[in-house]
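# An overview of the molecular structure
For reference, the chains in residue letters:
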Amino acid sequence: MGPTVTLPDDPPLQGTKVVTVAVNLPGPLAAARLAGLGAQVTTVLPPGGDPLEHYQPDWYADLHRGQELVTLDLKREDARERLDTLLADADVLITSSRPSALRRLGLDFGTLHERHPRLCQVDVVGSPGRRAELPGHDLTYQAAVGLVRPPHLPATLVADLHGAERAVGEALAALLRRTRTGVGSRREVALEDAAAAMAEPAVRGLTAPGGLLGGGLPGYAVYPAAEGHVALAALEPHFLRRTAEALGVETTHEAFAEVFSRRTAQEWATWAAEHDVPLSAVSAPWG
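Residues numbered from 1 in each chain as written. Predicted model: local features only at pLDDT ≥ 70, side-chain atom pairs only at ≥ 80, totals over all residues. Heavy atoms only, no water.

### Section: a positive patch on the surface
Condition: A patch consists of residues whose relative accessible area exceeds 30% and which take part in no salt bridge; residues with like charges are grouped when within 9 Å of each other, and nonpolar side chains (Val, Leu, Ile, Met, Phe, Trp, Tyr) when within 5 Å. Note on areas: these come from Shrake-Rupley sampling with a 1.4 Å probe, and a residue is covered only by the protein chains present in the view. Counted as salt bridges are all cases of a side-chain nitrogen of Lys or Arg within 4 Å of a carboxyl oxygen of Asp or Glu. Charged-residue counts in this description rest on Lys and Arg as positive and Asp and Glu as negative, His and the chain ends being excluded. Every charge is mapped to an atom, namely NZ of Lys, CZ of Arg, CG of Asp or CD of Glu. Runs of H or I in DSSP of at least four residues are treated as helices and runs of E of at least two as strands, each being numbered from the N terminus.
A grouping of Lys-75, Arg-98, Arg-103 and Arg-104 is seen on the molecular surface, where their side chains present a positively charged patch. For Lys-75, the location among the structural elements is in the loop between β3 (68-71) and α4 (77-88).

### Side note on the packing of helix α11 (residues 237-247) against helix α12 (residues 253-260)
The following threshold applies: Every axis in this analysis is a line fitted to C-alpha atoms, fitted for helices over the stretch in contact. Angles between the N-to-C directions lie between 0 and 180 degrees. When describing relative orientation, an angle under 35 degrees is termed roughly parallel and one over 145 degrees roughly antiparallel, while 65 to 115 degrees is termed roughly perpendicular and anything else oblique. Crossing chirality is assigned from the near helix's rotation relative to the far helix, an anticlockwise turn below a right angle marking it left-handed and a clockwise turn marking it right-handed. The contact rule is simple, with two residues in contact once any of their heavy atoms fall within 4.5 Å. Ten residues, namely Ala, Val, Leu, Ile, Met, Phe, Trp, Tyr, Cys and Pro, are considered nonpolar, four, namely Asp, Glu, Lys and Arg, are considered charged, and the remaining ones, Gly among them, are considered polar.
Running from N to C, α11 and α12 cross one another at 50°; their axes reach a closest spacing of 11 Å. Here α12 runs oblique to α11, going by the angle between their axes. For α11 against α12, the interelement crossing comes out left-handed. Residue-level inspection shows Leu-240, Thr-243 and Leu-247 of α11 in contact with α12, the latter providing Phe-256, Val-259 and Phe-260. A breakdown of the residues in the contact of α11 with α12 according to their chemical character gives 5 nonpolar, 1 polar and no charged.

### What about the packing of aromatic side chains?
Test applied: Centres within 6.5 Å make a pair out of two Phe, Tyr or Trp rings, where for Trp the six-membered ring is used; the pair is then stacked when the planes are under 30 degrees apart, edge-to-face when over 60, and tilted otherwise. When a residue's accessible area, from a 1.4 Å probe over protein chains only, is under 20% of the maximum for its type it is buried; when over 50% it is exposed; and in between it is partly exposed. A ring is scored as having a charge over it whenever the NZ atom of a lysine or the CZ atom of an arginine sits within 6 Å of its centre and within 35 degrees of its normal.
Taken as a whole, this structure holds 5 aromatic pairs when the rule is applied. Aromatic side chains Tyr-223 and Phe-260 sit 5.5 Å apart centroid to centroid with 40° between the ring planes, which places their arrangement in the tilted category. Of this pair, Tyr-223 sits in strand β7 (residues 220-224) while Phe-260 sits in helix α12, and the two are 37 residues apart along the sequence. Note on accessibility: Tyr-223 and Phe-260 belong to one class, buried. Put simply, the rings of Tyr-223, Phe-256, Phe-260, Trp-268 and Trp-271 touch in pairs and so form one group of aromatic residues. Against the face of Trp-268 rests Arg-263, its NZ or CZ located 4.7 Å from the ring centre.

### Quick look at the sheet that holds strand β8 (residues 229-233)
Sheets are built from strands that pair by backbone hydrogen bonding, the pairs being arranged parallel or antiparallel. We apply this condition: When DSSP finds two or more bridges between a pair of strands, those strands are recorded as paired.
Pairing in this open sheet of 3 strands is antiparallel, and the strands run β7-β8-β9 from one edge to the other. The open sheet terminates on both sides in strands that have one partner only, identified here as β7 and β9 (279-281). On average, each strand axis in the sheet is inclined to that of its neighbour by 20°, with strand direction left out of account. One ladder, built from 3 bridges, connects β8 with β9; its direction is antiparallel. Within the sheet, the bridge partner assigned to Leu-232 lies in β9 and is Leu-279. Against the sheet, α12 makes contact with β7, β8 and β9, and its axis sits at roughly 40° relative to β7, the strand it touches most.

### Let's talk about the side chain of Asp-123
Going by this rule: Polar contact is the term for a pair of N or O atoms within 3.5 Å; when the atoms are in protein, one must be able to donate a hydrogen and the other to accept it, and sequence-neighboring residues count only if both atoms are side-chain atoms.
Secondary-structure assignment places Asp-123 in strand β5 (residues 120-125). For Asp-123, a relative accessible area of 3% translates into the label buried. Polar side-chain contacts of Asp-123 include one of 2.9 Å to the side chain of Gln-121. Discounting chain neighbours no more than four positions away, the residues touching Asp-123 are Thr-95, Leu-102, Arg-186, Arg-187, Glu-188 and Val-189.

### Some thoughts on the pattern of salt bridges
Counted by the stated rule, this structure contains 13 salt bridges. Arg-204 is the partner of Glu-200 in a salt bridge, and the nearest nitrogen-oxygen pair spans 2.5 Å. What makes Arg-204 exposed here is its relative accessible area of 68%. One connected set of salt bridges, linked through shared partners, spans Asp-123, Arg-186 and Glu-188.

### What about the sheet that holds β5?
Pairing in this open sheet of 6 strands is parallel, and the strands run β3-β2-β1-β4-β5-β6 from one edge to the other. Two strands in the sheet have a free side with no partner beyond their single neighbour: β3 and β6 (186-190). Averaged over all adjacent pairs, the angle separating strand axes in this sheet is 20°, with direction ignored. Pairing analysis gives 4 bridges linking strand β4 (residues 92-95) to β5, with the strands arranged parallel.

### Some words on the pairing of β8
Where burial is concerned, the two faces of β8 differ: the one with Val-230 and Leu-232 is buried and the one with His-229, Ala-231 and Ala-233 is not. Relative to β8, β7 runs antiparallel, the two being bridged by 5 bridges. By the bridge assignment, Tyr-220 is partnered in β8 with Ala-233. If you look at the hairpin formed by β7 and β8, you'll find 4 residues sitting between the two strands, and Gly-228 has a positive phi there, around 85°.

### Side note on unusual backbone geometry
In the segment running from Pro-150 into Pro-151, the intervening peptide bond is cis, with an omega of 5°. The topology assignment puts Pro-151 in the loop between α7 (138-144) and α8 (158-181). Of note, Asp-276 is a non-glycine position whose phi angle comes to about 55°, a positive value. For Asp-276, a relative accessible area of 48% translates into the label partly exposed.

Keep in mind that these numbers describe shape and distance, not what the molecule does.
And the structure:
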């Protein structure tokens, strides 16, 4: 019998200091994820606060729990000096302003790197590279890659959410690079790219209407129940076989549709748990 290995239970980013001047969703969500990994986060807010606090105050409070909140008017020299003091002791800076705005405030990477060479900077922008000045939001980025179905608005903020996760990954990548080189680096997260990445399954036909995961497979589809709908995800052969055998039907859309119409969605969800079948009742829309 080999030696017992004891894994450390301390957070992986314990001792890491993050400063964020990013408002709206991607930046605060990324900062919250880094805080969840053990980082000490200081959020610098403009005098008007974060729009997210006005849109959804409960979520805003959740995302900033345990952080230090500092309000600074970065148009003032004394406020920029206060921020510079925070950055002198920081490991990561997260921004979400356009490059021209960062330059006006002296927060572009070139300027900061001269004063704080170990600082890692993650800039969340709308479009990549030279197109970073273009205005936009989650809705426009989703619309551009085909994730919007008019006249309906998206059910969730795909570009913002995935962009936040990318920002976390880029922060970790910059920190890892710093352990090798001793210096900080700039990493860019373009929300337009994040939306495009989330659209890949549809672009490649996998989830497009009629695609294998877009209604083409009887075992991976949504069916009306006597009340509500059920989502069946018997994708693997053994799950499909088990589902068909437990229901006593053939593996066709028509057979599944007929049998699922006999009970309510909640009854089928209970049945699925008892028979180890990947099926869920479809929850009602929010609002």
